[in-house]
Structures are given as structure tokens and as C-alpha cells.
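Reading the structure
These are the residues of each chain, in order.
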Amino acid sequence: MASPGALARATALRREIERHNYAYYVLDAPTIPDAEYDRLFRELQALEAEHPELVTPDSPTQRVGGKPLDGFAPVRHAVPMLSIRTETDTEASGARAFDARVRKELGLDETDLPVEYAAELKFDGLAINLRYEHGVLVAAATRGDGETGEDVTQNIRTVHAIPLRLAIDTPPAVLEVRGEVFMRRDDFERYNERQREAGKPTLVNPRNGAAGSIRQLDPAIAAQRPLSFFAYGLGEVQGWNNTPATHSATLDALAVLGVPVCGERITGLGATALIAFHDDIAARRDQLPFDIDGVVYKVNRFDLQRELGFVTREPRWAVAHKFPAQEELTTVLGIEVQVGRTGALTPVARLAPVFVGGVTVTNATLHNQDEIDRKDVRVGDTVIVRRAGDVIPEVVAVMLGKRPDPAPPRFNILQSYPVCPECGSHVVRLEGEAAARCTGGLYCPAQRKQALLHFASRRAMDIEGLGDKLVDQLVDRGLVRTPANVYKLNLETLAGLERMAEKSAANLLTAIETSKATTLARFIFALGIRNVGESTARDLALHFGSLDKLIAATEADLLAVRDVGPIVAQSIIQFFAEPHNLGVVEKLRAAGVHWPESTGLQQSAGILAGKTLVLTGTLPTLTREAAKEKIEAAGGKVAGSVSKKTDYVVAGAEAGSKLAKAQELGVAILDEARLLALLKPNNKNGQHALDF
Ligand code: IVH
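Overview of the structure. Bear in mind the structure is a predicted one, so any value in this text is a computation, not a measurement. (Residues numbered from 1 in each chain as written. Predicted model: local features only at pLDDT ≥ 70, side-chain atom pairs only at ≥ 80, totals over all residues. Heavy atoms only, no water.)

Looking at the packing of aromatic side chains
For the record, the criterion: Any two rings among Phe, Tyr and Trp, with Trp reduced to its six-membered ring, count as a pair given centres within 6.5 Å; such a pair is stacked if its planes are under 30 degrees apart, edge-to-face if over 60, and tilted if neither. For every residue, the accessible area (1.4 Å probe, protein chains only) is compared with the maximum for its type, and the residue is labelled buried under 20%, exposed over 50%, or partly exposed between those bounds.
Applying the stated criterion to the full structure yields 12 aromatic pairs. Judged by centre distance (5.1 Å) and plane angle (90°), the ring pair of F575 and F576 falls under edge-to-face. F576 carries the same exposure label as F575, and that label is buried. Through a chain of ring-to-ring contacts, three or more aromatic side chains come together here, namely F123, F182, F230 and F290.

This is the structure in C-alpha cells:
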């Protein structure tokens, strides 16, 4: 038998945990750290394990999901769960027609005042009836046929936003709350991401996610699905003091009891208020954190609702006003590719024109080859296209039953587009990459602007003044097609451009001229070879010493370079295998771009060759960038975190966890003075200094 003390403690813990739950899941404003919450939760679990008689149906420990069920028991609703009439006219006239019907039924004419309405969102999930007896959640059921639903109490308890106990000292004997269980878009995306990573099946859309979770026989699985809830009405009510007289006051009262109620709702007079709400929500539909189906208008006063009554199973006092559909059926007329700024080939379905989400859609993205394969989209197929807001329309699924007979062939990007449709350079798909790409980075018109901006950037050829506005103009007017053309620009051409005074044109020409004397590392980086960043470019320059050696390098040669793996090696080979790129490189050299060359393989000569260093804290004189350059010039490599492979940590003032980690792992530690001493050109004791 549990002592009075244990009982009091369990009750207090329950109250406190539910308070934190409410703050976290409903108000989105956590009140304690997760660890503290876990501690309270474990204490309650332990108490209940020791005294099973203390377990109550509203205990937060009951949210984790119990034993799998064989099936759902039928539940007869005390008050039938109705549906709402849907207004399919998505224009303002739809709202006016509803208001006109209501006024007519109430016997109002033009001289009477406008009717007060409550307008709210039509949530896109699963309708649920929550039954609270004396303030405790005792049962939850789906709508079913409206008369009889399914008992989903166990699964509903796993939805953290639903209170297991109402926040009221003298609760009504019976209070049934009706509302929608749904999945937020971010929760849906996150859940699917996790499933994909685990190689498990994903949910089709948030609505199916919510409905499928609640109708899941194993509550432990339901418990893992992140669900939300909003109340929109009442079922049976017994003994509720001060029962509200309007719909809006009811929702306000439910919110006070701790039941989640959506803030996106208004009350207003007549059709004008309804139309304003419809327009406002339509404009913000895509920014809402969850999917909606439309909006719902309700006559606000309950006495007027009673007066209006029902037709068949639909109340005359409510209507669902839809938005234009976001998904429609159409057919795929063809599949083409678009070349993006980075050279990625994106497959695009050309569609028979269809009106979706308020606009006519004729193209939809197919993302990449994997997506085409996964959805098995073929020319001639009937498909569902989806357009949500400003997002690019996409093909959601193929209606396989409507596929032409004989079936059209599968679509393969590399087979259909062995060369780039923009420039004729060859197309490749590197291992581990989703996109097929054009390899003509220096030559392809689709990649021109991006390539030029990168070429001119500070860490590449460092042509000051050649920014995006200018690149836009030069490319759009056909003055520059490849980086080689930059070296042919003259004062007259430049001065003729918008926002280009003679002075700045002259400055730009000087910068272009100066850039001709560069380094091999900068030049390699400037080429914009995929997967070749600044530090790889430096390694390549150091290793090969000359551009021609790099161009002639085999995969094995490239793999011998520090940090170059198969993907980087392939990227380099593909780049130089494209004659268009070699042509541009030759023109650049012919225009006078030059750099000192060497015999290569110098990295072993550096005092830090093969060593990995980590910088931490503030050094007395060197900036982090300067220290890095010096270390790299001596053949060393700078890494971001300390591990067993780290050779030295260079620590300055306020060095934190990295220094501690180095000490823990026994990694040698240098200060700036020691580093500089080591790097002195004539340091003969270098090796000794490094021998700790
Ligand atoms: S009121 C008597 N309000 O729409 C009116 N329903 O066809 C009862 N729904 O399955 C429903 N959001 O799940 C109401 N704000 C809202 C709603 C809403 C979504 C769903 C509900 C029901 C269907 C009605």
C-alpha cells in the first residue's frame, strides 16, 4: 500500500510534468531544461513501478504507448460527429453565398444587422473526439461514420499536445472536445528524413502521417510520430458551469483549460469579414507551419446555430470554404533537362497544361535521376502534380493504372543527354552525387556567370571590381563568354556600360592586368573544377608544380596527392577531358596569364610536411588566416578539430576545449613564438624543436 507521502508526491510530480508538457508542446516555450524534465519523469516512473496502484490514466507516464492492439473497439458517439458542407466556389462569391443562405434561413432582410461569424482554419488531419470525465481524459475516438468511431485512446495519449487532465479545479462531469490531430510540416520533413536515413518507409504527406499514426495498432510506433492537435468544437457536455454562449468564447474557454486552440481565427460581421479572412489566409497559406484545406465559417452564437439546425448530416450554420486545389492530374508530354548555374542537369517534365494552386502549370521538376527512378515517371504517364505557393511545381506520383500500353521506356538522363544541351560538353554523373553535370564549366553558357564570378573572386584571380552587376552586363550583352574574354576588354567597351565611369573602367583594367601574374594554386582554384576548393588547389599546385603535369595526370597520379580521393580525382579528370575547357585554358595562357612553375612534389621538403596542426585561441600577432598560410607553406595541414591524428596544437590566449582535448590525448602543444621559430627559413633545429 502506498503511503500518503508517495501518493502526494506522485500527484505533485504529475501536475508539474504536465505543466512543463503544456509549456513545451502547446505554448512552444519550454520552462525547464530537458535533463530536469527527464529527472522528474524518471522519478514518477520509479514511484509508479514501486506502487502500481498509484498509476492513473492521466499520468504522463501513460503517454509512451502500451501494448499492440488486435483491432480498435467501436465507440458510439454520445453526440453524432457531423461533417461540414463544402463550398467549392473558391472565390469571394462562395463566402457571400453562405452569408446569404444564413440570413435567409434566419429571416433577416437588408435592414437587419450583419450576422456575427467565427472564422478559423480547416485543418488537414484526422477528426478526434476527446472525452474528459471529471477533468480526466478517459476515451478518444475517431469520427468513423459519424455515429460510431474507433477507440484510439492509447494512441491519443501519446500526443503530447493533448492534455491528459484539464486545467480546472472543479471540472465538468463530462466534457467532450472535438478537434483535429495533424502533423506539422517541419515534423513531417524531420520524421521522413530520419526514416530515409534508417532506410525505412517514409510518409506520403502530413495528413496520411497523422491519420496513419492514430490508426496504428502499435501505440509504441504511434508514440514516435510527432503529432499536434487543435480543438474546434464540443461533443457531449454535462455540468459545465458558465457554458459559453458562442463558438469563439468556447474556444477561448478550452484554451484556458489547457486544450490547444489555433490562434489563426477571427470573429467578424457579415460576408466582408469572411472574405477578408479567406484572402488573408490564402496569401499566407504556405507560411503556416501545417497544411490546411481551406477555412471554416461558423455562425458564432449558439442560439442562432440551434435555430438554423441541420440538413441531413450537415449544419446550416457552418461551411468549409476551400482554396484552389494544390494537386491535380495531368499527363507528361516529355522530359527535358535544364542546366543550372553549377552545371547540374535538372530533369523537367513538360506537362499538358493544368490549373493547380491558382495558376496554369506546364512544367514540373523531377529533381534528379534517383527521383525519376523512385517515382518511375515516364513520358505519356498520367501524374499528380503539386504546386504549393511559390514552390516549383513537382510531380508527386504516377497513376500506374493509367500508363499507356505498351509501356513507354524508362527515362535516363545520361542516355538521353550524353552531351549538355546548352554547350555540347560531355555530361557525367560522379559517384555519390545525385546530379548529372555538364563538364564544360568554363565554356557552358548556363554556367557562364557563376564561372566568371568565381574566376574573378578574391581568393582566385582577385580581379577587384568584377562583381555580379558587371558580370551580368558583360554576359547579357555578349561581351564576355568565357574567362579568357575578360583579358580582351578595353576602356571603350567598359566605359559604355551602365554605372561605369571612365575612372572605374580604368581601375578595372588595371586589376585585370595585375591578375595576369598569379600563382599556379590560384589559377587551378579559379578554374572552378568541381570539388576542388582552395586548399586542394594548393595541394595540387605543390604536388605537380606545373599546369601541364596536372592536365596530364592519371587517376593514380592524382590519388597520390594529399587529401585527394577518388571523387576529387574524377572531377579533375572529367574537367580536363573536356576539350572546351582546355581551349579556354590555352586562351588564358595566350592572353598572358602566367605563374611561376616548379618541378613539383615539394611538399615533402617543407618542415611540416605530412603534419596536421590545429589552431586554437587568439595568437599574439598572427591572425588565424596568416598562421594557416604559414603552416601550409611549410607543407603542413590545418585541421578544425583535435584527434589522435593531430600532430600539434598551436594554442593562443583563451584556448578552450581544443587545448583540453590536446592535453587529454597527449598531443604536442606549441605557442606562437615556437611556431614562428620553427618556420624560420634557416631553422636548422626545426626537427629538434618538434621532438617533444
Ligand atoms: S467543425 C458541425 N471545424 O472537417 C461541424 N471541422 O467535414 C463539425 N475540420 O472531419 C466540424 N477543421 O475533422 C470543423 N475548424 C474546423 C475544422 C473541421 C477541420 C474537419 C473535421 C471534419 C471535417 C468536416
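Comments concerning the sheet that holds strand 4 (residues 126–133)
The following threshold applies: Strands pair, by our definition, only if DSSP identifies at least two bridges between them. Comment: elements are numbered from the N terminus, with helices defined as DSSP H or I runs of at least four residues and strands as E runs of at least two. In this analysis an axis means a line fitted to C-alpha atoms, helices contributing only their contacting stretch, and an angle means the value between N-to-C directions, from 0 to 180 degrees. We call two residues in contact whenever any of their non-hydrogen atoms come within 4.5 Å of each other.
Strands sit in the order 5-4-7-8 across an open sheet of 4 strands; the sheet is antiparallel. Both outer strands of the open sheet, strand 5 (136–142) and strand 8 (228–238), are each paired with one neighbouring strand and no more. Shown here is a sheet whose adjacent strand axes are inclined to one another by a mean of 25°, direction ignored. Alignment of strand 4 against strand 7 (residues 174–182), held across 8 bridges, turns out to be antiparallel. Residue pairing for strand 7: Y132 is matched across the bridge by L175. Of the strands in this sheet, strand 7 and strand 8 are in contact with helix 8 (residues 247–256), which crosses strand 8 at around 110°.

What about unusual backbone geometry?
With an omega of 0°, the peptide bond running from D405 to P406 counts as cis. Mapped onto the secondary structure, P406 falls in the loop between strand 18 (394–398) and helix 12 (413–416). Unusually for a residue other than glycine, R499 sits at a positive phi of about 50°. Tracing the sequence through the fold places R499 in the loop between helix 16 (491–495) and helix 17 (502–515). At D563, a position not held by glycine, the phi torsion is positive, near 70°. If you trace the backbone, D563 turns up in the loop between helix 21 (555–559) and helix 22 (566–577). Residue classification places D563 among the partly exposed residues on the basis of a relative accessible area of 49%.

What about helix 3 (residues 92–105)?
What counts, and what does not: Here the expected length of a helix is defined as 1.5 Å per residue gap, with one fewer gap than residues.
Over its 14 residues, helix 3 extends 21 Å from the first C-alpha to the last, a length consistent with the 20 Å expected when each residue adds 1.5 Å. Here helix 3 has its buried residues at G94, A95, F98, D99, V102 and R103. On its buried face, helix 3 is in contact with strand 2 (85–87), strand 3 (116–123), helix 9 (270–284), strand 10 (292–299), helix 10 (302–308) and strand 13 (318–322). Of the residues one or two after helix 3, G107 is the one with positive phi, at around 75°.

So, the environment of L670
Following the sequence through the fold, L670 ends up in strand 24 (residues 668–670). When its relative accessible area of 2% is taken as the criterion, L670 is described as buried. As a C-alpha pair, L670 and P172 span 498 residues in sequence and 72 Å in three-dimensional space.

Some points on the site of the ligand
The line we're drawing: In these notes, residues near a molecule or strand are those with any non-hydrogen atom within 4 Å of it. Polar contact is the term for a pair of N or O atoms within 3.5 Å; when the atoms are in protein, one must be able to donate a hydrogen and the other to accept it, and sequence-neighboring residues count only if both atoms are side-chain atoms. Gly falls in the polar group here, along with every residue not listed as nonpolar (Ala, Val, Leu, Ile, Met, Phe, Trp, Tyr, Cys, Pro) or charged (Asp, Glu, Lys, Arg).
Surveying the vicinity of the ligand reveals 15 residues, the closest of which are I84, E120, L121, E180 and Y232. Note that a nitrogen atom of the ligand is positioned 2.8 Å from one of the side-chain N or O atoms of E120. K122 places a side-chain nitrogen or oxygen 3.4 Å from an oxygen atom of the ligand. At the level of secondary structure, the elements contributing two or more residues to the shell around the ligand comprise strand 3 and strand 10. Classifying every residue of the shell around the ligand by side-chain character gives 9 nonpolar, 1 polar and 5 charged.

Considerations on the nonpolar core
Heads up, the rule is: Nine residue types can take part in a nonpolar core, namely buried Ala, Val, Leu, Ile, Met, Phe, Trp, Tyr and Cys, and a core is a set of them joined through side-chain atoms within 4.5 Å.
In this structure, I463, Y487 and L540 are the most contacted members of the largest nonpolar core, which totals 54 residues. Ranked by residues supplied to this core, first place goes to helix 18 (residues 520–526) with 6 residues. Counting residues in each nonpolar core, the second largest holds 32 residues, with L137, A140, I156 and Y191 among its members.

Some details on the pairing of strand 3
Two faces make up the sheet, and in a regular strand the side chains alternate between them. Most of strand 3 is tucked away, with 6 of its 8 residues classed as buried. Inspection of the sheet shows strand 3 paired to strand 9 (residues 266–269) by 4 bridges, in the antiparallel sense. Residue pairing in the sheet places E116 in a bridge with L269 of strand 9. The sheet contact formed by strand 3 and strand 10 spans 7 bridges and is antiparallel. Bridge assignment links A119 to a residue of strand 10, and that residue is Y297.

Observations regarding the environment of F230
Relative to the assigned elements, F230 resides in strand 8. F230 gets classed as buried once you look at its relative accessible area, which sits at 15%. In this structure, the C-alpha to C-alpha distance between F230 and L126, residues 104 residues apart in sequence, is 11 Å. Excluding residues within four positions of it along the chain, F230 makes contact with F123, G179, E180, F182, P260, V261, C262 and F290.

Focus on the pattern of salt bridges
For clarity, the threshold we go by: The term salt bridge refers to a side-chain nitrogen of Lys or Arg lying within 4 Å of a carboxyl oxygen of Asp or Glu.
The final tally for this structure, using the stated rule, is 46 salt bridges. Residues R284 and E264 are paired through a salt bridge, measuring 2.9 Å at the closest nitrogen-oxygen approach. With R284 in helix 9 and E264 in the loop between helix 8 and strand 9, this pair connects stretches of sequence that are 20 residues apart. K516 serves as the salt-bridge partner of E513, at 3.2 Å between the closest nitrogen and oxygen. Looking at K516, the relative accessible area reads 15%, which means it is buried. Linked by salt bridges that have partners in common, R131, E133, E176, R178 and E236 make up one network.

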